[in-house]
Amino acid sequence: MNIETDLKNVLAEYRRCVNYNILTDYYEKSQMHENFYLGNQWYKVNAPDLDKPVLNFIRRVCSFLTAMVTSDDINVFVSPYISSPESVESADVINIELERVIERAKLKSVCRNVVRDSVVNGDGYLYWMFDGQTAMCEVIKGTNIMFANPYLNDVQKQPFIMIEKREYLEKVKESAKKNRQNAAVVKADEDYMSSIESVPMATLITKMYKKDGQVWYMQFTKDCIVCPPKPLGYRLYPFAKFTWDRQSDSCRGMGAVENLIPNQIAVNKLWAMALLHQKSMAFPKIFFDKTKIDSWSNKVGAAIGVIGNPNEAVATSFKAADMSDQLVDLVEKTIAFTKEFMGANDTSLGNVTPQNTSAILAVQRSATIPLENQKQEFYQFLEDCVLIVLDIIRTDYGKRYVRTAVGDGVYKHQIFDFSALDRSRFSQSIQADTSTPWSEGLQMQTLENLYAKQILTDARDYVAAIPSSQLKNKQQILKKLDENMKLKT
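No experiment lies behind these values; they were computed from the predicted model shown.

1. Remarks on helix H4 (residues 85–104)
Here is step 1: Taking 1.5 Å per residue, 20 residues should reach 28 Å; H4 reaches 29 Å between its end C-alpha atoms and fits that length.
Here is step 2: Backbone geometry just downstream of H4 places Lys106 in the positive-phi region, at approximately 55°.

Here it is, written out as structure tokens:
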């Protein structure tokens, strides 16, 4: 495929991608899904005389699904296919760096945001970059990333990828000057004056494509090329994608919110009608004889003029029939059935008294079986992240000092050439375990049984196996145990 790099043609490609999203209502649907998740569920509804209650069960279901798929404990390590002193040492260096990247990039919390985006809109995207010191990442909204082939789901097979981002106008001009481009022609977006933005901003589009086995990139605005094509040196696009449910022949997935919106609208409407009925019919109505009284006054102690004998009945009160309880039952059943069908039952949500840990754990595991496809997709997402990070390490790290373990508590410093890293010599392994109160309780019970039966005799191994949420200052305790062991030896 011929890759366009001149301004006229890349702008035409950008408009074609935007038009596809408009024709498929991707922008409108994404905004609607976000509104329903956040609770802004009466957006653009014109009903000034109607209360607009929100019984937002969508957010709780989405939070539950996000928590069940993501992991609190992500461990990534590589091992050499052929064991040798050099390969083992290289694997140790890479493992230390991977652990450092995961910690600095806050990958565990970032993954939750990615999965949350996929639950709401169908896809979550993570963009990896090199900040001059290490590999870092940021979450990108699905509306800001566009693909050359809208029918291809695999990111790495795309002919090109475009990322749309709003930047300060001065920053864009400085970047153009740095790359020896005509910064004077760069103009702010026409709609910035009518928006809440007080500083002029421009839309900067980054285009990435593969050429000669490596990734190239360029940046442009509607007015000029900001950065001409340059090689990144990566073999993979620095994007990791997590899809909730795949759609055939589409680069976009489908989230859980889209199918829940009709149920949420029905619940909100029923509850709004119930409130309107109570407001209109809760208080008794007064009926009076207009042949004897022209108007009625509810003022305390006010005199009311009557034509005729005032001893005759001229008014009476009327109480409307109570609202049917079936409406409240229907609302409750709609919410309950929706949560049940999505796998968010009371046991999974923790709305039970833990009388039998094993039974509760069994029910909870059965509730997560329908999410196995999403869990496998999440593991693949983590593997893609690791491959991208290894690609960044190989390309951008160069030679730098590293610390490797020689023995117990003994380390040595040496220069390691990351550019010589050959990913084909190593296999990567990813462990992502989800923990719940019931699984942690079962783990503690198992540990106590092993220790009581003297199957597990080492105190350090016992403490190391305890979940961090069950033992405060776990690292300090392990450190003291190590110090005591050194003193004994």
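2. Some details on the packing of aromatic side chains
Here is step 1: On inspection of all chains with the given rule, the structure shows 12 aromatic pairs.
Here is step 2: Look at Tyr125 and Phe147: their rings are 6.0 Å apart centre to centre, the planes differ by 45°, and that puts the pair in the tilted class. On the criterion of sequence distance, the pair formed by Tyr125 in strand S2 (residues 123–130) and Phe147 in strand S4 (residues 145–147) is long-range, its members being 22 residues apart.
Here is step 3: For the pair Phe242 and Phe381, a centre-to-centre distance of 6.2 Å together with 70° between the ring planes defines the contact as edge-to-face. Taken as a pair, Phe242 in strand S9 (residues 239–243) and Phe381 in helix H11 (residues 372–397) lie far apart in primary sequence, 139 residues in all.
Here is step 4: With relative accessibility at 0%, the residue Phe242 sits in the buried group.

3. Focus: the environment of Leu447
Here is step 1: In this fold, Leu447 is placed in helix H12 (residues 437–452).
Here is step 2: Distance from Leu447 to Tyr462, taken between C-alpha atoms, is 7.1 Å for residues 15 residues apart in sequence.

4. Observations concerning the side chain of Gln158
Here is step 1: Secondary-structure assignment places Gln158 in the loop between S4 and strand S5 (160–168).
Here is step 2: Gln158 sits in the buried class, given a relative accessible area of 3%.
Here is step 3: At 2.9 Å, the side chain of Gln158 forms a polar contact with the backbone oxygen of Leu152.
Here is step 4: Ignoring anything within four residues of it in the chain, the contact list for Gln158 reads Phe147, Ala148, Asn149, Leu152 and Tyr237.

5. Points about the nonpolar core
Here is step 1: Leu126, Trp128, Phe239, Trp244 and Phe381 are the most contacted members of the largest nonpolar core, which has 87 residues in total.
Here is step 2: If you tally residues by element for this core, the top one is H11, at 11 residues.
Here is step 3: Aside from chain neighbours lying at most four places away, what touches Phe381 is Cys111, Val114, Leu126, Ala240, Lys241 and Phe242.
Here is step 4: Ala176, Ala183, Val186 and Ala188 belong to the second-largest nonpolar core, a separate cluster that totals 10 residues.

6. Description of the packing of helix H2 (residues 26–38) against helix H7 (residues 257–281)
Here is step 1: Look at H2 against H7: their axes get within 10 Å of each other, and the N-to-C directions meet at 60°. Our classification of the angle between H2 and H7 gives oblique. Note on packing geometry: the crossing formed by H2 with H7 is left-handed. Residues Lys29, Met32, His33 and Phe36 of H2 form the contact with H7, whose own contacting residues are Val257, Glu258, Ile261, Gln264 and Ile265.

About the criteria used
Residues numbered from 1 in each chain as written. Predicted model: local features only at pLDDT ≥ 70, side-chain atom pairs only at ≥ 80, totals over all residues. Heavy atoms only, no water. Helix = DSSP H or I, 4+ residues; strand = E, 2+ residues; numbered from the N terminus. Expected span 1.5 Å × (residues − 1). Phe/Tyr/Trp six-rings, centres within 6.5 Å; stacked < 30°, edge-to-face > 60°. Buried < 20%, exposed > 50% of the residue type's maximum accessible area, 1.4 Å probe, protein only. Polar contact = N/O pair within 3.5 Å; in protein donor to acceptor, adjacent residues only side chain to side chain. Contact = heavy atoms within 4.5 Å. Core = buried A, V, L, I, M, F, W, Y, C linked by side-chain atoms within 4.5 Å. Axes fitted to C-alpha atoms, helices over the stretch in contact; angles between N-to-C directions. Parallel < 35°, antiparallel > 145°, perpendicular 65-115°, else oblique. Left-handed = near helix turned anticlockwise from the far one by under 90°.

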